[in-house]
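# Chain and residue survey
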Amino acid sequence: MRKTLLIGAFLVAALGVASAAAGHRGPGHGNKPTTIALPNGFRPEGLAIRAHTFYTGSLATGAIYAGSLKTGAGGLVVQPQAGRSATGIAVDHGRLYVAGGATGKAFVYDARTGADLGSFQLATGASFINGVVVTKKTVWFTDSTNPVLYKLGLGPHRALPAQAQSVPLGGDIHYAAGFNANGIQATPNGKTLVIVQSNTGLVFTVDPATGVAHTVTGVSVPNGDGILLAGKWLFVVRNFDNTVDVVRLAPRLGSGTVVRHVTDPDFDIPASIDHAGSRLYVVNARFTTPPTPATTYSVVQVDGV
């Protein structure tokens, strides 16, 4: 989702501590729960927050769950549907934009009612539509299999287009075996995209007009998955490493430095990240745990980052 808020004082405090530390979580900020249970067997992957509500989607069924950060209570806003999947998710102007994983599709829902507002076939053949970000006029999706970005150009009053368009990825990024482009974010003006490549651990800026990618030098984040951009700070979820890396970016985003590795005993292969105020939240995808109808999943609040 497009970020309009900087985590200023919160991050200043973060730099005053050691460069590697575990997140400390007490009883919860303002009595908010620090771990929120999701439905058993849900298989979450993406996470998006608006105000005090979080949304996460099911990789297995395409269902979308909405919950309260204040109480932990929640329920399905989008029901499971055959042939659908949900990976990355973004919430903007009352809509949910959802990456459809191996379906090659993107889905758009009403965030309040769950009504189906649109479905777009982004790719045919092998693909994995993974990350999504919304800018002022465009919704962008990554494909972890093919070197291309997909976009939904929004019209007046944010009208959805008739079909999606594609922008080939070029420049410094080179696709290889495994998951490639994954998490995606954008600067507030939408003129620069930021993506992480999971299999190489590299971070890139991308010109959305041309698809040309430039390496953010000095940054290595192996197994990078979901990302969160807030001003000059980039948070990268390193899923199989059970870590969130905090990256300080140079003013023009051309280089960066990993200043902290955040861990937490409740991390269990986190996949996505978002924030509510100064609090970070991740969703545990538990990719190394065999999924069953009884498998538990959770959203975890990270305090003291």
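Before reading further, recall that the structure is shown in the block above.
Residues numbered from 1 in each chain as written. Predicted model: local features only at pLDDT ≥ 70, side-chain atom pairs only at ≥ 80, totals over all residues. Heavy atoms only, no water.

## A short note on the overall build of the chain
Of the regular secondary structure elements, the chain holds 1 helix and 26 strands. Across the 305 residues that make up the chain, the buried fraction comes to 55%. Residue pairs at least 24 apart in sequence account for 48% of intrachain contacts in the chain once pairs closer than 6 positions are excluded. Carbon and sulfur atoms provide 55% of the accessible area of the chain, an area that totals close to 12000 Å². (Helix = DSSP H or I, 4+ residues; strand = E, 2+ residues; numbered from the N terminus. Buried < 20%, exposed > 50% of the residue type's maximum accessible area, 1.4 Å probe, protein only. Contact = heavy atoms within 4.5 Å. Areas by Shrake-Rupley, 256 points an atom, 1.4 Å probe, with all protein chains shown as cover.)

## Points about the nonpolar core
Counting 17 residues, the largest nonpolar core has Y97, L122, I129, V139, F141 and Y150 as its most contacted members. Taken together, the elements giving at least two residues each to this core come down to β8 (95-99), β9 (105-110), β11 (129-134), β12 (138-143) and β13 (148-153). With residues up to four places along the chain from it excluded, the contact list for Y97 reads G88, I89, A90, D92, F107, V108, V132, V134, V139, L154 and L160. (Core = buried A, V, L, I, M, F, W, Y, C linked by side-chain atoms within 4.5 Å.)

## Focus on the sheet that holds strand β7 (residues 89-92)
Pairing is antiparallel in the open sheet, where 4 strands are placed in the order β7-β8-β9-β10. Edge strands, defined here as strands with exactly one partner in the open sheet, are β7 and β10 (116-121). Each strand of the sheet is rotated relative to its neighbour by a mean of 15°, with strand direction disregarded. (Pairing = 2+ DSSP bridges. Axes fitted to C-alpha atoms, helices over the stretch in contact; angles between N-to-C directions.)

## Structural notes on the sheet that holds strand β24 (residues 270-276)
Neighbouring strands of a sheet are bound in pairs by backbone hydrogen bonds; such pairs are parallel or else antiparallel. Taking strand neighbours across the sheet as the criterion, the 4 strands line up as β2-β26-β25-β24 in an open arrangement whose pairing is antiparallel. If you trace the sheet from one side to the other, it starts and ends with β2 (35-38) and β24, each paired once. Across the sheet, the mean angle from the axis of one strand to that of its neighbour is 20°, orientation sign disregarded. Pairing analysis gives 4 bridges linking strand β25 (residues 279-284) to strand β26 (residues 297-302), with the strands arranged antiparallel. Each residue of the ladder has a partner; that of V282, found in β26, is V300.

## Side note on the environment of V206
With respect to the element layout, V206 can be found in strand β18 (residues 202-206). Spatially, the C-alpha atom of V206 lies 8.9 Å from that of G171, the residues being 35 residues apart in sequence. In contact with V206, not counting residues within four places along its chain, are L149, L169, K191, T192, L193, I195, G211, V212 and A213.

## Observations concerning the packing of aromatic side chains
Within a pair of aromatic rings, the relevant descriptors are the distance that separates the centres and the angle that separates the planes. Summed over the entire model, instances satisfying the criterion amount to 5 aromatic pairs. On the basis of an interplanar angle of 75° and a centroid distance of 5.1 Å, the ring pair of F128 and F179 is categorised as edge-to-face. In this pair, F128 sits in the loop between β10 and β11 while F179 sits in the loop between β15 (170-171) and β16 (181-186), placing the two residues 51 residues apart along the sequence. Cluster of aromatic residues (ring-pair linked, three or more members): F42, F54 and Y65. (Phe/Tyr/Trp six-rings, centres within 6.5 Å; stacked < 30°, edge-to-face > 60°.)

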